[in-house]
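Take a look at the letters that make up each chain.
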Amino acid sequence: MTIKDLSEKMGVKAKDILQKLLAKGVLYTVNKSLSLEEAQMILDLFGMECKSISFEDKVLEDVREEETQGGEESLCERPPVVTVMGHVDHGKTTLLDTIRHTHVAAKEHGGITQHIGASKILFKNKPIVFIDTPGHEAFTKLRLRGANVTDLVILVVAADDGVKPQTIEAINHAKSAGVPIIVAINKIDKPDVNLLKVKQELVQYGIVVEEYGGDAVCVPVSAKKGIGIEDLLDMILLVAEVHEFKGNPRIPAKGTILEAQLDPQRGPIASVLIQEGVLSLGDAFISGSTAGRVRALFDDKGKRLKEAKMVTPVEVSGFEEVPAAGDSFQVVNTIEKAQQISLLRKQMAVDEKRNKTAGRLSLNDLFDRIKEKEVQKLPLILKTDVQGSMEAIEDSLAKIQHPDVTLQIIHKAAGPITESDILLASTTNAIIIAYNVRPSKRTREQAKEEQVEIRYYSIIYQLIEDIKQSLEGILKPIEKEHFLGTVDVRKVFKVPRVGSVAGCYVSEGKVEKDGQVRIVRNGIVVHTGKIQTLHHYTQEVESVKEGQECGIRLENYSDIKAGDSLEVFKIEQI
Ligand code: GDP
């Protein structure tokens, strides 16, 4: 607040405040906005006290008050929000299309025309909301920002292809979010499909269908031919009924940003899923760190609305800035308040970025945090070169016992580290254990940005020891890897009596002669060793910089291939 605002609250003249400040050698004007400390100092001068509450807390307090006013009886059943996940080409998009085409009345403004991140269908007079972007990237991205919009997941598994890596990833993402899964076994129109086999494969991943004594819901469908779609929708309604998804229609509207963009004509617009309350034209709101006032509302059929009830996806215009997908959306009573919160959140975002590392789990500070009782579970994501090493590592990890901490493998797979792994690690605060696999440059940058720790190993024994020791608090990192650069192998020359010389291009950082290299082929480490000679043109050199070409010969290794990528690093003793 400004000195003027404060003087009104204190019941003293602004002039008197300024005079007292001047006497202390401080020259302010009435419109100077005050920090909490400054306000406190002024109040002290007048023998008054203040209590501070953040705008955010105040808003939440107000909302809570209204919620309790609304009371339990205001909680109503609300439509479920469904995300379709599964392996690529298993038919997610086709399934969504079929559902939307068959269950949106054609007279409703020509069906769903607008892409607003989610769409609402009516089945047996009950609404169901589908998130438009299938796959777990979108799902995780929203979760990463603290938004849990999905109530249930449809896991699409193609009957002719079975459980595949992304099927497993999707299962793990849904499980870690605690969201119920309905399996849709798709493409049953194809000849010679074996449903039992798919169901059997699913059992391994904790999805046990009736035939195998479990209660997982599984519906055979053909997205293309429209078979079984009604059964699937019936199941969605049934699962929704069992889980009793509820919301309060009487509180100020709140929701989540699904997508946002800058429209050249209309300014910042966003698709918002209204999850509770009713959003009306003219409502002031805060979303992420931006504020705004609802200028126009459209639904997924392109229809202009005056208000949107829970649960409805709508396109909202009137944002001051473009929010981010996953940001929360909250109606507040005045635009001034929204703007104040927006400012506060912007400042907080800066601080948070600074402190982000503090919250992240790292093997090095694990013991201290166990002592502080901050950590009871150590979430791990395990990525390995081959299935066999994964099983071996898992077995060894299972043998590690600790009185206070349990190891929890959130996701495991053979293959390179992907962006999706980083996202999952970031949302679950997991550490990624990489056994003979590497991330791409982009993934590595993303890990850095998200402050996700990736631990690289090439010896199982060392991996297990590291984890054991960090649990015991005796992990003393003696060697730390220092990344120098990446080199692409363009051509390999066989030189008589010398061996293979790799003609390379330094695509990132630099290469130093006394560095070590790791040969990465399709994300998998095939060799780690030393450089024997480093040439720039014909000259033997100590280092070669980014953007230059060089010739590299490795010590005791000649099976280098064009297309390989060399990761150059140094080991630092710490
Ligand atoms: P997505 O990558 O999971 O979104 O998969 P798509 O929906 O793009 O489908 C991949 C391919 O499978 C397309 O060629 C579809 O036509 C085909 N497909 C999808 N559903 C079915 C189905 O029920 N039966 C058959 N035979 N093909 C299907």
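*Asks:* Any details on the sheet that holds strand β7 (residues 217-220)? Residues and values, ideally.
*Replies:* Reading across from one edge, β3-β4-β2-β5-β6-β7 is the order of the six strands in this open sheet, with mixed pairing throughout. Looking at which strands have only one partner, the edges of the open sheet turn out to be β3 (118-123) and β7. Pairwise comparison of adjacent strand axes, ignoring direction, gives a mean angle of 30° for this sheet. Packed on one face of the sheet, helix α8 (residues 195-203) meets β5 (152-158), β6 (181-186) and β7 and runs near 145° to β6. Sitting on the sheet, helix α9 (residues 229-243) is in contact with β2 (81-86), β3, β4 (126-131), β5, β6 and β7, with an inclination near 100° to β4.

*Asks:* Requested: an account of the confidence of the model for the protein, with residues and values cited.
*Replies:* Mean pLDDT over the protein stands at 85; residues scoring 70 or higher make up 89%. Every residue in residues 105-110 scores below 50 in pLDDT, and together they form five contacts with partners more than four places removed in sequence or on other chains.

*Asks:* Quick one: what's the story with the sheet that holds strand β20 (residues 431-435), residue by residue and with numbers?
*Replies:* Read across the open sheet, the four strands follow the order β19-β18-β20-β21; overall the sheet is parallel. A single partner strand is all that each edge strand has here, and the edge strands are β19 (406-414) and β21 (454-457). Put simply, the sheet's adjacent strands are angled 25° from each other on average, direction ignored. Sheet topology note: the strand β18 (residues 377-384)/β20 ladder contains five bridges and is parallel. Pairing of lysine 383 across the sheet is with alanine 434, part of β20. Along the sheet, helix α12 (residues 387-398) makes contact with β18, β19 and β20, crossing β19 at roughly 175°. Lying over the sheet, helix α13 (residues 419-428) contacts β18, β19, β20 and β21, oriented at roughly 175° with respect to β18.

*Asks:* Describe the pattern of salt bridges, listing the residues and the values that go with them.
*Replies:* On inspection of all chains with the given rule, the structure shows 30 salt bridges. A salt bridge links glutamate 315 to arginine 266; the shortest N-O distance between them is 3.0 Å. Note that glutamate 315 is positioned in strand β16 (residues 312-319) and arginine 266 in the loop between β9 (254-263) and β10 (267-276), a separation of 49 residues in sequence. In this structure glutamate 315 comes out as buried when scored by relative accessible area, which is 9%. Residue classification places arginine 266 among the partly exposed residues on the basis of a relative accessible area of 31%. Here lysine 383 makes a salt bridge to aspartate 421, at a shortest N to O gap of 2.7 Å.

*Asks:* I'd like a description of the packing of aromatic side chains, backed by residues and values.
*Replies:* Taken as a whole and assessed by the stated rule, the structure comprises three aromatic pairs. Ring-pair connections join several aromatic residues into one group, and the members of that group are Phe285, Phe319 and Phe329. Lysine 20 extends its terminal NZ or CZ atom over the ring of phenylalanine 46, reaching a point 4.8 Å from the ring centre. Arginine 438 extends its terminal NZ or CZ atom over the ring of tyrosine 456, reaching a point 3.7 Å from the ring centre.

*Asks:* Go over the site of the ligand with me, naming the residues and quoting the values.
*Replies:* The environment of the ligand is made up of 15 residues, and the closest members are Asp89, Lys92, Thr93, Thr94 and Asp189. Between an oxygen atom of the ligand and a main-chain N or O atom of aspartate 89, the distance comes to 2.8 Å. Here lysine 224 contributes a backbone N or O atom positioned 3.2 Å from an oxygen atom of the ligand. Taking 580 Å² as the accessible area of the ligand by itself, protein coverage stands at 75%. Top element by residues in the shell around the ligand is helix α5 (residues 92-103). It accounts for three residues. A per-class count over the shell around the ligand returns two nonpolar, seven polar and six charged.

*Asks:* Break down the side chain of serine 7 for me, with residues and values.
*Replies:* Take serine 7: it is sitting in helix α1 (residues 3-10). By relative accessible area, serine 7 is classed as buried at 5%.

*Asks:* Give a description of helix α7 (residues 165-177) that names residues and reports values.
*Replies:* Taking 1.5 Å of rise per residue, 13 residues should cover 18 Å, and α7 covers 19 Å from first to last C-alpha, within 8% of that figure. The complete set of buried residues in α7 reads Thr167, Ile168, Glu169, Ala170, Ile171, Asn172, His173, Ala174 and Ala177. Downstream of α7 by a residue or two, glycine 178 has a phi angle that is positive, lying close to 70°.

*Asks:* So what's going on with unusual backbone geometry? Residues and values would help.
*Replies:* Across residues other than glycine, the phi torsion is negative in most instances, and most of the peptide bonds are trans. Residue valine 311 is reached from methionine 310 by a cis peptide bond, and omega for that bond is -15°. Its identity is not glycine, yet aspartate 192 carries a phi of approximately 60°, on the positive side. Mapped onto the fold, aspartate 192 is located in the loop between β6 and α8. Residue aspartate 192 is classed as exposed on the basis of its relative accessible area, which comes to 78%. Notably, glutamate 244 is not glycine yet its phi reads approximately 50°, a positive angle. Positionally, glutamate 244 belongs in the loop between α9 and β8 (246-247). Note on glutamate 244: relative accessible area 52%, which makes it exposed.

*Asks:* Could you give me a rundown of the pairing of β3, with the residues and numbers involved?
*Replies:* Bridge analysis of β3 against β4 gives six bridges, and the strand direction is antiparallel. Following the sheet pairing, alanine 118 is matched in β4 by isoleucine 131. Hairpin connection of β3 to β4: two residues between the antiparallel strands, including lysine 124 at a positive phi of 50°.

*Asks:* Talk me through the side chain of threonine 167; I want residue IDs and the actual numbers.
*Replies:* In this fold, threonine 167 is placed in helix α7. Classification of threonine 167 as buried rests on a relative accessible area of 0%. Apart from the residues within four sequence positions on either side, threonine 167 is in contact with His87, His90, Leu155, Val157 and Gly162.

Reading the values: rules and limits
Residues numbered from 1 in each chain as written. Predicted model: local features only at pLDDT ≥ 70, side-chain atom pairs only at ≥ 80, totals over all residues. Heavy atoms only, no water. Pairing = 2+ DSSP bridges. Helix = DSSP H or I, 4+ residues; strand = E, 2+ residues; numbered from the N terminus. Axes fitted to C-alpha atoms, helices over the stretch in contact; angles between N-to-C directions. Contact = heavy atoms within 4.5 Å. pLDDT = per-residue confidence, 0-100. Salt bridge = Lys/Arg side-chain N within 4 Å of Asp/Glu carboxyl O. Buried < 20%, exposed > 50% of the residue type's maximum accessible area, 1.4 Å probe, protein only. Phe/Tyr/Trp six-rings, centres within 6.5 Å; stacked < 30°, edge-to-face > 60°. Lys NZ or Arg CZ within 6 Å of the ring centre and 35° of its normal. Near = heavy atom within 4 Å. Polar contact = N/O pair within 3.5 Å; in protein donor to acceptor, adjacent residues only side chain to side chain. Areas by Shrake-Rupley, 256 points an atom, 1.4 Å probe, with all protein chains shown as cover. Nonpolar A, V, L, I, M, F, W, Y, C, P; charged D, E, K, R; others polar. Expected span 1.5 Å × (residues − 1).

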